[in-house]
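Working through the structure, step by step
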Amino acid sequence: MGTDLFSGAKGTASPLRPKIDLSPLKQPVPFNLPFKTVTPRLWLALYLPRFPLEVLGPERATALPVAVISGTGAGSVVVAAGVHAESAGVHVHMLASAACTLAPDLDLTPRDEAAEAAALESLAAWAGQFTSFVSLVPPHGLLLEIGGSLALFGGLDTLLARVRHAIAALGYSARFGVAPTPLGAWLLARAALEEPVTAMHRLPACLAAVPLDCLDLPARIVESLRSVGIERFGDCCRLPRDGVARRTDPRLLAYLDRALGKRADPRLPYTPPPTFQRRLSLPGEVRDTGTLLIAAQRLLLELAGYLQARAGGVQALEWHLAHRRRPATRLVIELVTPSRDAGHLLMLLRERLARVVLAEAVVYLGIRVRDILPLAPSNQDLYGEEGVTGGDWRALVERLRARLGKTAVQGLAVSAEHRPEKAWRCCAPGESPAGAPPSVHTPGRPLWLLDPPEVLRTVAGEPFLEGRLHLVRGPERIESGWWDGHDIARDYFEALHASGTRYWIYRELRKQRAWYLHGVFA
Amino acid sequence: MSAALARLRRHPAIWRRRLPPASVLPTGFPALDEMLPGAGWPMGALTEILVPRAGAGELRLVMPALADLSTRGRWLVWVGPPYVPYAPALEARGIALSRILWVRSDNTAQQLWSAEQALRSGACGAVLTWPTRVHQRRLRRLQLAAESGGAWALLFRRETSPGDGSPASLRLRVTPAAPVANSLSVEVLKCRGRPGARAEIILDE
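Residues numbered from 1 in each chain as written. Chains lettered and ligands numbered in written order. Predicted model: local features only at pLDDT ≥ 70, side-chain atom pairs only at ≥ 80, totals over all residues.

Moving on, we come to the confidence of the model for chain B. All names here are of chain B. In this model, chain B carries an average pLDDT of 84, and 87% of its residues clear a pLDDT of 70 or more. Note on residues 18-22: pLDDT under 50 across the span, and 9 contacts to partners over four residues away in sequence or across chains. Quick note on the complex model: pTM equals 0.64, ipTM equals 0.84. (pLDDT = per-residue confidence, 0-100. Contact = placed C-beta atoms within 7 Å.)

Written out as structure tokens, the structure is:
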């Protein structure tokens, strides 16, 4: 263990930082305590072999034989092939013309390097939920330092299973490599040697089988090695060092040393941007909500990972549905409380889309989040009764608002006013008027209010509503509001209908002295 | 509740025991409690109240129970009421206004959808609806949603609505009896136990 740590330390760029444990010591302090408490570095490499294809949208990877090509004309080469294309014999580095011969119905798409770069950065931001150190390996790989995350996630196997599950949910196929050195992990992933290597002393034996093709070395070096019968990483290591340095290229030795942890291999950490903005091209022109939601799900899962890494949530997010000819459809989704639940955010978009008529097919789907708000971890009920008595009213409000619109779902409050129509107002749901003055307590107010009041007919000078109305209480005179131009002068009465219904009616004290129905006692 | 206490209660390290939901809610009218199975409004079920016309006294009949729910922090969702629920009168009857959610929609399908979401959410004490036309199948969905969310689903309908095969676990007919005395005649059309019971109750002013 001690020797592993030592060589591991040499293989990484940053100095070892002893972790100080403040818990009371129950055992005698061992001699080498500072070294024991250091978390050994361990790297997880994610290699995405189908990345150029998968960034074009989750749909394309599963349809007919598909391939992404790079270059133009006769020299164009396959850079990624779908499952169906691969089973027809199409593979990476093959000429596009040869691929078309093998699979006549092959759908060729040109490579979109800008989209790949954006997707890789977004994936790095997403990976921040698993570790604080993520490094890009362009064009289609990531390196995660996971030594410090193992305790949090409950061990290597659990962590790997979670990453594997989460990345599959995003729609990417990834190959994993785990090793104490970043380059070692990367080579294992490239060579599809997925057995994790955690001990430094096992690394040379495990890397020995990596084929020469997987080494990111200049073509000239690879050719010269192949000409002397070298096929694998292990063969290179067996060559005499001084001879290799003289005859091939000193860069080869440096490369081997970095992989084995004999030489420092500093990596640049990826720092996610302060706001989240991402765009995804859609397969063709999309009108159907289902396909839009599949694309939206990937964006939301990426957002959720990004937010998890920053212990934050969003309260408003903006969707852009770009059309070819018209200006983009912009959908703003507002939440009552910050959230980072991809499923909930997706449901809100689904409800919102149900209310929208798309003027034209969508070609790009974009998402933008400006403000990241701190999000407290949720407080789980010990007996799991949340669903029965607690419930999440905020989620309900968001759900109703997503379908009916914000103004259709409101709370109610009272205002300190004598004019009946101004004695109430709409407010944000759940808003409690802290410190508000107690309302003007007036007995004899009806539970229903007519807004606006309804003019009543009169028969022989008496108010009439499907029959005569008997005034059983009143008048209550309300004169108020001269200061804002909406002044009223009314006499209110409680009136009884023959059916037994009680109404709240008033008579204008000015102009025509008309009767109005203003409420029902219900 | 003071802001400091509210902040404290939101603290993730503090766990609060929640009481199991009551399956029956006292109506506030002893004469009515006596008629109903379990002596109260059935929670987690659908109650249908038939009135000759909107405003016959049906709201004042349910006010004590609604006030009780709202002061215990449970939400009252009003889906598509025929008029504006008047906040000063609600407050005067003891309703905690901060627990009211007013959903405005004229479309029956949207109203039923909203009611179902609210019932299912688990956050609501009562969900009040006034649908104009509604299929038995949709009522059954409301009944199931009320069961799963433990909420009181209240459906106000005109007396003329057909009642055969209604899935409501309680069906009442409400008619003003002696108008001047503010009294209301309540007839149980359907319930577990003893349908056909009738009571006169006096509403508060």
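Counting residues in each nonpolar core, the largest one holds 97 residues, and the members touching the most others are Ala45, Ala67, Ala185 and Leu188 of chain A. Per-element accounting of this core gives the leading share, 10 residues, to helix H15 (residues 289-309) of chain A. If we ignore the near neighbours within four places in the chain, the residues touching alanine 45 of chain A are Gly141, Leu143, Gly177, Ala185, Trp186, Leu188 and Ala189 of chain A. Core analysis: the next-biggest nonpolar cluster, separate from the first, contains 93 residues, Leu449 and Phe521 of chain A together with Trp78 and Leu170 of chain B among them. (Core = buried A, V, L, I, M, F, W, Y, C linked by C-beta atoms within 7 Å. Buried ≥ 20, exposed ≤ 12 C-beta atoms within 10 Å, placed from the backbone. Helix = DSSP H or I, 4+ residues; strand = E, 2+ residues; numbered from the N terminus.)

The end-to-end C-alpha distance of helix H5 (residues 108-121) of chain B, which contains 14 residues, comes to 20 Å, matching closely the 20 Å that a straight helix rising 1.5 Å per residue would cover. Restricting attention to buried positions, one finds in H5 of chain B the residues Gln111, Leu112, Trp113, Ser114, Ala115, Glu116, Gln117, Ala118, Leu119, Arg120 and Ser121 of chain B. As for H5 of chain B, its buried residues are in contact with helix H18 (393-404) of chain A together with strand S4 (75-79), strand S6 (100-103), strand S7 (124-129), helix H6 (136-149) and strand S8 (152-158) of chain B. Downstream of H5 of chain B by a residue or two, glycine 122 of chain B has a phi angle that is positive, lying close to 85 degrees. (Expected span 1.5 Å × (residues − 1).)

Let's shift gears to the pairing of strand S1 (residues 43-47) of chain A. All names here are of chain A. Extensive coverage of S1 is indicated by the burial of 5 of its 5 residues. Along S1, one buried face is formed by Trp43, Ala45 and Tyr47 and the opposite face, lined by Leu44 and Leu46, is buried too. Taken together, the 5 bridges between S1 and strand S7 (residues 175-179) define a ladder with antiparallel strand orientation. Residue pairing for S7: leucine 44 is matched across the bridge by valine 178. Both S1 and strand S6 (residues 141-145) contribute to a ladder of 5 bridges, which runs antiparallel. (Pairing = 2+ DSSP bridges.)

Our focus in this paragraph is the sheet that holds strand S3 (residues 77-81) of chain A. In any sheet, the strands associate via hydrogen bonds between backbone groups, in a parallel or an antiparallel arrangement. Residue and element names in this part refer to chain A. If you trace the 3 strands from one edge of the open sheet to the other, you get S3-S2-S4, paired in mixed fashion. Looking at the sheet topology across the chains shown, the edges are occupied by S3 and strand S4 (107-110). Within this sheet the neighbouring strands show an average axis-to-axis angle of 40 degrees, counted without direction. Pairing between strand S2 (residues 66-70) and S4: 4 bridges, direction parallel. Bridge pairing links valine 68 to threonine 109 in S4. (Axes fitted to C-alpha atoms, helices over the stretch in contact; angles between N-to-C directions.)

Attention shifts here to unusual backbone geometry. Residue and element names in this part refer to chain A. Proline 139 follows proline 138 through a cis peptide bond whose omega is 0 degrees. Here proline 139 shows up in the loop between strand S5 (134-137) and S6. Cis geometry is adopted by the peptide bond preceding proline 452, which originates at aspartate 451 and carries an omega value of 5 degrees. A positive phi angle is found at histidine 93, which is not glycine, with a value near 80 degrees. As for its position among the elements, histidine 93 is in the loop between helix H4 (83-87) and helix H5 (96-102). The exposure class assigned to histidine 93 is exposed, which follows from the 8 C-beta atoms found within 10 Å. One non-glycine residue, arginine 513, adopts positive backbone phi at about 55 degrees. With respect to the helices, strands and loops of the structure, arginine 513 is situated in the loop between strand S20 (502-508) and strand S21 (515-520).

Residues and elements named next belong to chain B. It is the contact of H5 with H6, at a shortest axis distance of 6 Å, that shows an interaxial angle of 20 degrees. Judged on the interaxial angle alone, H6 and H5 are roughly parallel. Residues Leu112, Ala115, Glu116, Leu119, Arg120 and Ser121 of H5 form the contact with H6, whose own contacting residues are Arg138, Arg141, Leu142, Ala145, Ala146, Ser148 and Gly149. The residue makeup of the contact of H5 with H6, split by class, is 6 nonpolar, 3 polar and 4 charged. (Parallel < 35°, antiparallel > 145°, perpendicular 65-115°, else oblique. Nonpolar A, V, L, I, M, F, W, Y, C, P; charged D, E, K, R; others polar.)

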